[in-house]
Amino acid sequence: MAQYSTNEKVDVVIVGAGASGSVYASVLGRAGKKVVLLDNGPDWQLQDLVSSDIWGRRIKPAGAPVLLDGKNPFGYTAQAGWGVGGAALHYFANFPRYLPTDYKIKSEHGRAHDWPISYQDVAPFYDKVAAEIGVSGDAKQEEKWRPAGPAYPMPPMKTFPNGEVWLEGAKANGVQLVPAAVGMTSKDWNGRPACIYDGWCHVGCPTGALANPVVTYLQQARKANAEVRPFSTVTRVLTNQAGTRATGVEYFDAQKHRQVQEADVVILAAWSGQNPRILLNSSTDKHPKGLANKNELVGKFMMTHHIAPTWAMFDEDITPHMGTIGAQFMSYDRYDKKSGSAGFGSSFIVAGAAMKTVDFAQARFDLFGPDLQAFMKKAAKGLTRITIFGEGLPRLENQVTLASDKDEFGMPLARLTHSFDDDALALWASNYDLGVKIAKSTKAKEVWPGRGPVVPTTHLHGGAIMGTGAENSVTNSYGQTHEVGNLWMAGPCVFPSEGASNPTYTIFAVSQRGAEHLASNWNAIAKA
């Protein structure tokens, strides 16, 4: 790995060393560019990771808090990350694709936004990502719902009783569960060992079986002489006097000293709640509303999935702790935007996630003391869950803005306002109905919906969406901002709609597409 002088100008500076930032670093580094990645947390290595929910809190969001507002605030505590690898250091590694309908929701249904690209534009990059970092699954069985493509590099993961018990109930309700596509190794692959199925993926995988950036794209980037600079908190993107070009970023180092990293290209690849915050805080006399924000769309159209979990208790030992934290099985059979009994939007079904002590406790919020203890002893052998993720539509009023409160570096905190519309709430309720029907069709002795006083949320998208032009978006389909040609956005912040399935596979694919375009057109973009 290279180490550039703090005041040395480089070709590209990338803010955030997570899923999208690591892809850009790998592609551009291997294209011969001088790359510096800045991340606000530690430079985690595999040997640092400990299989413990208590220890695992160290790799969850840290730093300045996000102020939450709206009728359905976004629960972000497990949705971003602290340190190199970002949220992908502890993600579930479910790798479903977005389907063709997700890219043309407005054309087909008159709702939300079309993407400026189609499934066919992204499909080759899904395949490239699978070959690059390793995906296990059964692509042939997925062809019931998506266009045909190459087989995955590895066969499906092993299954366990905590997942298999759902097959009969799902089939009885017209839902076909197929092996889940996951970014994990079902066998030894490309120098990484096969998964040991201990179910601790969500606190970081110390063996390297999980396809987190530390063992995939960041490893490639380091070999290509990219520098990863930890404990570097970016506060602003800097521009030239005319405001037409980005010249670098301002950041604070581990000693909390202000630094400037100059570069020909700036890529914001932080969390979706952080990228708009940086743009809004980068205002100048030429960009009084924030950088790339003449159309006032920065921070707008924030989206999140709603979650409907259903629990089932069996008398027999179904090994709840075994497997992976990702799904054993998945289904798109309720993915059609109008397939629910109420509401509007896609639903994505997963079953068979490994569970630990905290999951047993959270399955019954109403129990305390001896009653909770008795329940958890029973749950350790017989508890399992089916989960249905639902789509939320982009709404202008769901947004990131700057608050008056500031962090330790003098940067205004982000305020994230989020509310679901009536269609999303109706779909959420409908998904509970389906989950309970499926659970009651199994051999479970007890069944209950995991419905509490708030709507559970996951996967934050939007804030710098892509589109066909500056009148409707912040970036083009590659992530290049319309206003400042050498300023790029990366990650789910550019997604104009969110579908219902886990977004990371699409994050990797869209980032790969953008990074390759940037590398192929470097002189026109970086030297303009």
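These remarks concern the structure in this document.

Reading the values: rules and limits
Residues numbered from 1 in each chain as written. Predicted model: local features only at pLDDT ≥ 70, side-chain atom pairs only at ≥ 80, totals over all residues. Heavy atoms only, no water. Helix = DSSP H or I, 4+ residues; strand = E, 2+ residues; numbered from the N terminus. Buried < 20%, exposed > 50% of the residue type's maximum accessible area, 1.4 Å probe, protein only. Contact = heavy atoms within 4.5 Å. Areas by Shrake-Rupley, 256 points an atom, 1.4 Å probe, with all protein chains shown as cover. Expected span 1.5 Å × (residues − 1). Polar contact = N/O pair within 3.5 Å; in protein donor to acceptor, adjacent residues only side chain to side chain. Phe/Tyr/Trp six-rings, centres within 6.5 Å; stacked < 30°, edge-to-face > 60°. Lys NZ or Arg CZ within 6 Å of the ring centre and 35° of its normal. Pairing = 2+ DSSP bridges. Axes fitted to C-alpha atoms, helices over the stretch in contact; angles between N-to-C directions. Parallel < 35°, antiparallel > 145°, perpendicular 65-115°, else oblique. Nonpolar A, V, L, I, M, F, W, Y, C, P; charged D, E, K, R; others polar. Salt bridge = Lys/Arg side-chain N within 4 Å of Asp/Glu carboxyl O. Arc of directions from axis to C-beta.

1. So, the overall build of the protein chain
The helix and strand inventory of the protein chain stands at 14 helices and 17 strands. For the protein chain, the spread of C-alpha atoms along the three principal axes comes to 70 × 50 × 45 Å. For the protein chain, buried positions account for 62% of its 528 residues. Excluding contacts between residues fewer than 6 apart, the proportion of contacts in the protein chain whose partners are at least 24 apart in sequence is 74%. When the accessible surface of the protein chain is totalled, it reaches about 19,300 Å², and 51% of it is carbon and sulfur.

2. Side note on helix 12 (residues 422-440)
With 19 residues, helix 12 extends 27 Å between its outermost C-alpha atoms, agreeing within 8% with the 27 Å of an ideal straight helix rising 1.5 Å per residue. All buried positions along helix 12 are accounted for by Ala 424, Leu 427, Trp 428, Ser 430, Asn 431, Tyr 432, Leu 434, Gly 435, Val 436, Ile 438 and Ala 439. Tucked inside the fold, the buried residues of helix 12 contact helix 7 (167-172), strand 9 (303-313), strand 11 (347-351), strand 12 (383-390) and strand 15 (446-449). Regarding helix 12, its N-cap is Asp 421, as a side-chain oxygen of that residue lies 3.3 Å from the backbone nitrogen of Asp 423 further along.

3. Considering the packing of aromatic side chains
Enumeration over the complete set of coordinates arrives at 23 aromatic pairs. Between the NZ or CZ atom of Arg 111 and the centre of the ring of Phe 344, over which it lies, the distance is 4.5 Å. If you follow Arg 364 out to its NZ or CZ, it ends over the ring of Trp 448, 5.8 Å from the centre.

4. Observations regarding the sheet that holds strand 13 (residues 399-406)
Pairing within the open sheet is mixed, and its three strands lie in the order 3-14-13. Edge strands, defined here as strands with exactly one partner in the open sheet, are strand 3 (67-69) and strand 13. The sheet shows a mean angle of 30 degrees between the axes of neighbouring strands, direction not considered.

5. A short note on the packing of helix 4 (residues 119-133) against helix 13 (residues 504-520)
A pair of packed helices is characterised by two quantities: the angle between their axes and the separation of those axes. One way to put it is that helix 4 packs onto helix 13 with a least axis distance of 8 Å and a crossing angle of 105 degrees. In this view, helix 4 runs roughly perpendicular relative to helix 13, as classed from their interaxial angle. Every residue of helix 13 that contacts helix 4 at Asp 121, Val 122, Phe 125, Tyr 126, Asp 127, Lys 128, Val 129, Ala 130 and Ile 133 is listed here: Tyr 505, Thr 506, Phe 508, Ala 509, Val 510, Gln 512, Arg 513 and Glu 516. Considering only residue class, the contact of helix 4 with helix 13 consists of 10 nonpolar, two polar and five charged.

6. Concerning the environment of Phe 314
For Phe 314, the location among the structural elements is in the loop between strand 9 and strand 10 (329-331). Residue classification places Phe 314 among the buried positions, given a relative accessible area of 2%. Non-local contacts of Phe 314, meaning those with residues more than four positions away in its chain, are made with Val 165, Gly 382, Thr 384, Thr 442, Lys 443 and Ala 444.

7. Details of the pattern of salt bridges
Enumeration over the complete set of coordinates arrives at 23 salt bridges. For the salt bridge of Lys 144 with Asp 333, the shortest nitrogen-to-oxygen distance reads 3.0 Å. Note that Lys 144 is positioned in the loop between helix 5 (139-142) and helix 6 (161-164) and Asp 333 in the loop between strand 10 and strand 11, a separation of 189 residues in sequence. Owing to a relative accessible area of 46%, Lys 144 belongs among the partly exposed residues under this scheme. According to the relative accessible area criterion, Asp 333 is buried, its value standing at 18%. Here Arg 395 ties to Glu 397 by a salt bridge, and the two come within 2.8 Å at their closest N and O atoms. For Glu 397, a relative accessible area of 41% puts it in the partly exposed group. Look at the salt bridges and you will find they share partners, linking Lys 9, Asp 264 and Lys 527 into a network.

8. Remarks on unusual backbone geometry
Phi is mostly negative for residues that are not glycine, and the peptide bonds are mostly trans. A positive phi is found at Glu 296, a non-glycine position, where the angle reads about 60 degrees. Locating Glu 296 in the fold gives a position in the loop between helix 9 (275-280) and strand 9. With a relative accessible area of 43%, Glu 296 lands in the partly exposed category. Positive phi, close to 50 degrees, is recorded for Thr 319, a residue that is not glycine. Examined against the element boundaries, Thr 319 turns out to sit in the loop between strand 9 and strand 10.

9. Remarks on helix 11 (residues 369-382)
When the terminal C-alpha atoms of helix 11 are compared, their 20 Å separation across 14 residues agrees well with the 20 Å that a helix rising 1.5 Å per residue should span. If you check which residues of helix 11 are buried, you get Leu 372, Phe 375, Met 376, Ala 379 and Gly 382. Across the axial projection of helix 11, the buried residues extend over an arc of 140 degrees, all falling on one side. Among the exposed residues of helix 11, those oriented more than 90 degrees off its buried face are Pro 370, Lys 377 and Lys 381. Here the buried face of helix 11 lies against strand 9, helix 10 (357-362), strand 12 and strand 15.

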